[in-house]
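Okay, here's what each chain looks like letter by letter:
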Amino acid sequence: PKTGDKVSKKGISDYAFNLGAVYSPENNLSFHISFGRKTRFPTMRESFSGALGRFVPNPNLKAESSYTGEFGIQYYLPAGEVKLNLFLSYLNDGIVRTALPQLQFQRVNKERIRNGGAELSYRFFMFNKSLSTSLNFTYLNSSAKDNSGKFADTLEYKPALLTYIDFVYQTSFGLNGILELTYTGKEYALKEGDPYFQRIPDYLVASVRVSYNFSIKEKTKMEIFGRVNNLFDKLYYRQWGLPEAGRSFIAGVTLTF
């Protein structure tokens, strides 16, 4: 890469691959397994940007590479489906932030990071398919090797619990509604000038959407919709110092022809 007035950086190369297999003993049941290797090179921003003085550049950042394995089951029901995935990955030279005393950060390479967990999802239809509900739940255990060689170091922005639930109601005359609930829990991050990780408060955010669909002509359809994000005006953070938006209202019209 060309680095302008910064210290030049040698070109780097690496490889990636992915192997997978699916086995379906029955029409409504399948198993899958996969194994692969991925590589991510540090971006120019990560290596050289000072971000208006908030970061100390690190042109010596190395590429990170990971080995990932996954095993999953998918089962189809008469009125829905269920999926379960188990995953484990080992990340070498993972790029992470570290806090410096001068209220700054720097990106560095962690020798080894382990991510493991499970993902469960389902969708069910009820009342003659007029009402449906879906769930996506993820449990993540993520840590880095410490000086003693144990996977005990905390990592930033790796929530242990992620849950999304929705309820969708559809009528025969075009009126539809959806309620969405998102929960994030047990997440840690660094604040400026503090080398110790602090837990970000867990949060539950609800949103609703209502729409009405109708036909104008044979091939012309219109949707009138309204949506409220963050219904209960929850104050929450995905990143320290940057609160997410409060309650917001969106309305619109979609024309298809």
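Preceding block: the structure.
This one's a predicted model, so the numbers in the text were calculated from it and none came from an experiment.

Analysis parameters
- Residues numbered from 1 in each chain as written.
- Predicted model: local features only at pLDDT ≥ 70, side-chain atom pairs only at ≥ 80, totals over all residues.
- Heavy atoms only, no water.
- Salt bridge = Lys/Arg side-chain N within 4 Å of Asp/Glu carboxyl O.
- Helix = DSSP H or I, 4+ residues; strand = E, 2+ residues; numbered from the N terminus.
- Buried < 20%, exposed > 50% of the residue type's maximum accessible area, 1.4 Å probe, protein only.
- Core = buried A, V, L, I, M, F, W, Y, C linked by side-chain atoms within 4.5 Å.
- Contact = heavy atoms within 4.5 Å.
- Polar contact = N/O pair within 3.5 Å; in protein donor to acceptor, adjacent residues only side chain to side chain.
- Phe/Tyr/Trp six-rings, centres within 6.5 Å; stacked < 30°, edge-to-face > 60°.
- Lys NZ or Arg CZ within 6 Å of the ring centre and 35° of its normal.

A few points about the pattern of salt bridges
Next up, step 1: Summed over all chains, the structure comprises twelve salt bridges.
Next up, step 2: Ionic pairing is found between Arg97 and Glu156, a salt bridge with its closest N-O pair at 2.8 Å. Residue Arg97 is found in strand β4 (residues 80-100), and its partner Glu156 is found in the loop between β7 (151-153) and β8 (161-170); the two are separated by 59 residues along the sequence.
Next up, step 3: The class of Glu156 is buried, set by a relative accessible area of 13%.
Next up, step 4: In the salt-bridge network here, residues are joined through shared partners; they are Arg40, Glu46 and Glu64.

Comments concerning the nonpolar core
Next up, step 1: Ranked by size, the top nonpolar core spans five residues in total: Leu91, Val96, Ile113, Ala144 and Leu155.
Next up, step 2: Setting aside residues no more than four positions away along its own chain, Leu91 makes contact with Glu64, Ser65, Ser66, Glu111, Arg112 and Ile113.

Here we look at unusual backbone geometry
Next up, step 1: The residue Phe127 is not glycine, and still its phi comes out positive at about 50°.
Next up, step 2: For Phe127, the position within the fold is in the loop between β5 (104-126) and β6 (131-145).
Next up, step 3: Phe127 sits in the exposed class, given a relative accessible area of 61%.
Next up, step 4: At Asn128, a position not held by glycine, the phi torsion is positive, near 60°.
Next up, step 5: Within the secondary structure layout, Asn128 lies in the loop between β5 and β6.
Next up, step 6: Since its relative accessible area comes to 79%, Asn128 is described here as exposed.

Here's the deal with the side chain of Glu64
Next up, step 1: In this structure, Glu64 sits in strand β3 (residues 64-77).
Next up, step 2: Of the residues examined, Glu64 reaches a relative accessible area of 11% and is grouped as buried.
Next up, step 3: Within polar-contact distance, the side chain of Glu64 engages the side chain of Arg40 at 2.8 Å.
Next up, step 4: One polar contact links the side chain of Glu64 to the main-chain amide nitrogen of Ile95, over a distance of 2.7 Å.
Next up, step 5: Leaving out residues up to four positions away in the same chain, Glu64 has contacts with Lys38, Thr39, Arg40, Leu91, Asn92, Asp93, Gly94 and Ile95.

Considering the packing of aromatic side chains
Next up, step 1: Per the counting criterion, the structure on display carries nine aromatic pairs.
Next up, step 2: With a centroid separation of 5.9 Å and 55° between ring planes, the pair formed by Phe17 and Phe35 is classed as tilted. In this pair, Phe17 sits in strand β1 (residues 17-26) while Phe35 sits in strand β2 (residues 29-40), placing the two residues 18 residues apart along the sequence.
Next up, step 3: Judged by its relative accessible area of 39%, Phe35 is partly exposed.
Next up, step 4: Of note, Arg37 hangs over the ring of Tyr15, and the distance from its end group to the ring centre comes to 4.1 Å.
Next up, step 5: The ring of Phe55 has Arg107 lying over it, and the distance from NZ or CZ to the ring centre is 4.3 Å.

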